[in-house]
Amino acid sequence: MDPIDPGTRPLVDPQRGLVSREIFVDAQLYAAEQERIFATQWLFVGHVSQVRRPGDFVVSRMGEEPVLLVRDVDGALHVFLNSCRHRGMQVCRYDQGNATEFACPYHGWTFDTKGRLAAVPALREGYFSELELAHWGLVEARVAELKGSIWACWDAATPSLDDWLGDARIWIEEFFTVPDAGAGELELIAGVQKWTLPCNWKFGAENFSGDNYHNVSHASVDQLALSPSGKTGRHQYDAIPQKPVLQNIAYASTGHCGRGALYPPGFDFLSAYAAVPQLHAYYQRAYAGRQTQLGEQARFVPHGGTIFPNMSFSNGRTSIALWHPAGPETCEVWRFYFVPEHAPEAVKDHLRRYVIRYQGPSGLTEEDDMENWNLAHRASRGTIARRHPYHMAMGLGHEMAVGSEPWIARGGTVMEGVSEQNQRGYYRRWAQLMGAL
Amino acid sequence: MSAVDNPALARLLRVREAEEFLYREAGLLDRREFSAWLDLLADDVRYFMPLRRNVPSRAPGDEWTREGQDIAWFDEGKDVLAMRVTQLHTGVHWAEEPPSRTCHLVSNVLLVDDSGPEWEVHSHFIFYRSRMERETDLLAGRREDRLRVMPDGLRLAYRRVLIDHNVLPIKNLSNFF
Ligand code: FES
Ligand SMILES: [Fe+2]
């Protein structure tokens, strides 16, 4: 029986908003995901600030596979499978550094920063000079860059990164725009958090796509003044007195999703950073710049989203999570944190400390998410559990082509307030790629 | 001559005092007496646990992320530690609700420097966590502490927790180390 045949098992039912538990726990489906999703889609692999100089490299991952992000001696970016073409040994075992070559520790095949096989021990005596070095360079993925973010894709038939992102591209552009919408870039704060989450990789991706419904998860941290507003709440914007209309935007053809908040004109954005004078001053200037750049549209504040399949971004607490598959029951999470490169040091420091106490496995907020995803997964494994799909039908049938403001969705569908529209869009795309629709 | 007039014995007593501080602290954490644990911390305490990278042995400089500059597992003071304790007491902090059962094993305690108002004390630890029915987690590492000598006893003034993990093997760090 084909594990994916939609006739035998409806895995995703977008019309009813149902998603089978099998897709989170079944080993055959997990294996198929590696081929049909992770080997075909663009995947975020890193940021330019990790590889500024020729020879800089950093380890990354694409799906389950270790890759190397390298800037070659001439300045071009490459993403290589971190596996020797001879007999598979990982050619680089350091997390980051600067190198002119990667020498395999097993038998010594040596690759240059362009991935070319440059030296082979015993080439003459062992291989009789018959080894065609040009055919045995490192396996290389396509690479593309968008506003400092670096993406890679194994499949030559997949559209360009721009076309693949489609209308969701603006979320990535916005994410990598500094707060005043002016010149300058984000820079990565050194250190990528990596940890093991005992649940399927899709739980995190789906949650960040648009789960404005899960405040109960954060009932404890919401009793504390975690944010730089000085007021109770985990988000800095919880302190803004005017209540926004939440916006969920789903892009049907790509599975990408974004979410944000539309504030009334003249809202008091500064209360979000009121407890920290340096942040208050910085965001006061930044918001003036943002209004100059964006006019009326500056009152839409993006909160985050998920780029299908496994990259989630959080605006404000400027961070990217990658939900790497590591077996059907295990996700390896990587979290990258960013600050505006030209912000004053005190601003960078306050933002850094806010993200550390908010997100990641030690963050007062994310700790509780992971408990929920872990045990949701565990309770979904049994024979009986698998007969009963997850309910993701909130707001089904109420999606709008245009929300409160026509310029927000731009190519997506909108739902305001709490909704599971984005999750449905995410799983519809999953099902399309898996051949399960 | 009383024991404390003998420098070697006096030092031994300080070693014992430092050990006892660490063991008492571990006991408070494992019995979930978090407010009492907070009282052992100086008001200006710094609590830091860096990330650990795989780097060449000949260039160890990049192994740890830097305090006050880079991303860490923890880089905070008493205000945030107190928030964590408040969160533990809410009854709706799901990562620790129902509570984990923990066992902090502290060993290899070394009084590295006791010449000033803050003693430098190093120790190793194994942190064991049992959660729900069968979840079992282990973390191992070292700690570099500074214990401040106060009239009414020692206070933790600084802690650097050096864990032996690159990819953290557990889902969250909802405990103290
Ligand atoms: S596996 Fe790399 S040289 Fe043999
Ligand atoms: Fe959450």
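Residues numbered from 1 in each chain as written. Chains lettered and ligands numbered in written order. Predicted model: local features only at pLDDT ≥ 70, side-chain atom pairs only at ≥ 80, totals over all residues. Heavy atoms only, no water.

Let's shift gears to the coordination of the iron ion (ligand 2). Residues and elements named next belong to chain A. Note on the iron ion (ligand 2): its protein donors are His214 (NE2), His218 (NE2), Asp369 (OD) and Asp369 (OD). The metal-donor distances range over 2.1 to 2.5 Å. Each donor residue of the iron ion (ligand 2) belongs to the same chain, and together they define the spacing H-x3-H-x150-D. On the criterion of sequence distance, the pair formed by His218 in the loop between helix 5 (202-210) and strand 15 (245-250) and Asp369 in helix 8 (residues 366-378) is long-range, its members being 151 residues apart. For His218, a relative accessible area of 2% translates into the label buried. With a relative accessible area of 4%, Asp369 lands in the buried category. (Donors = N, O, S within 2.8 Å, 3.2 Å for Na, K, Ca; no water. Helix = DSSP H or I, 4+ residues; strand = E, 2+ residues; numbered from the N terminus. Buried < 20%, exposed > 50% of the residue type's maximum accessible area, 1.4 Å probe, protein only.)

This part takes up the confidence of the model for chain B. For chain B, per-residue confidence averages 96 on the pLDDT scale, and 98% of positions sit at 70 or higher. Here the complex is predicted with pTM 0.97, and the ipTM for its interfaces comes to 0.96. (pLDDT = per-residue confidence, 0-100.)

Moving on to the sheet that holds strand 10 (residues 117-119) of chain A. All names here are of chain A. With antiparallel pairing, the 3 strands of this open sheet are ordered in space as 8-9-10. Because the sheet does not close on itself, it has two edges, and the strands there are strand 8 (101-103) and strand 10. Across this sheet, the average inter-strand angle for adjacent strands is 35°, counted without regard to direction. As paired elements, strand 8 and strand 9 (residues 110-112) share 3 bridges and run antiparallel to each other. (Pairing = 2+ DSSP bridges. Axes fitted to C-alpha atoms, helices over the stretch in contact; angles between N-to-C directions.)

In many analyses, interface size is given as the accessible surface area lost on bringing the parts together. On the chain A side, the residues contacting the 39 residues of chain B number 42 residues. Carbon and sulfur atoms make up 55% of the surface buried where chain B meets chain A, a total of about 3,300 Å² over both sides. Among the residues chain B hides against chain A, the three largest losses belong to B:Ile71, B:Trp94 and B:Lys171. Together they make up 21% of the total. Applying the counting rule to chain B against chain A returns 6 salt bridges. On the surface where chain B and chain A come into contact, there are 28 residue pairs in polar contact (both at pLDDT 80 or more). Listing elements by their share of the side of chain B that touches chain A, those giving two or more residues are strand 2 (72-76) and helix 3 (78-88) of chain B. (Contact = heavy atoms within 4.5 Å. Buried area = accessible area lost by both parts, 1.4 Å probe. Salt bridge = Lys/Arg side-chain N within 4 Å of Asp/Glu carboxyl O. Polar contact = N/O pair within 3.5 Å; in protein donor to acceptor, adjacent residues only side chain to side chain.)

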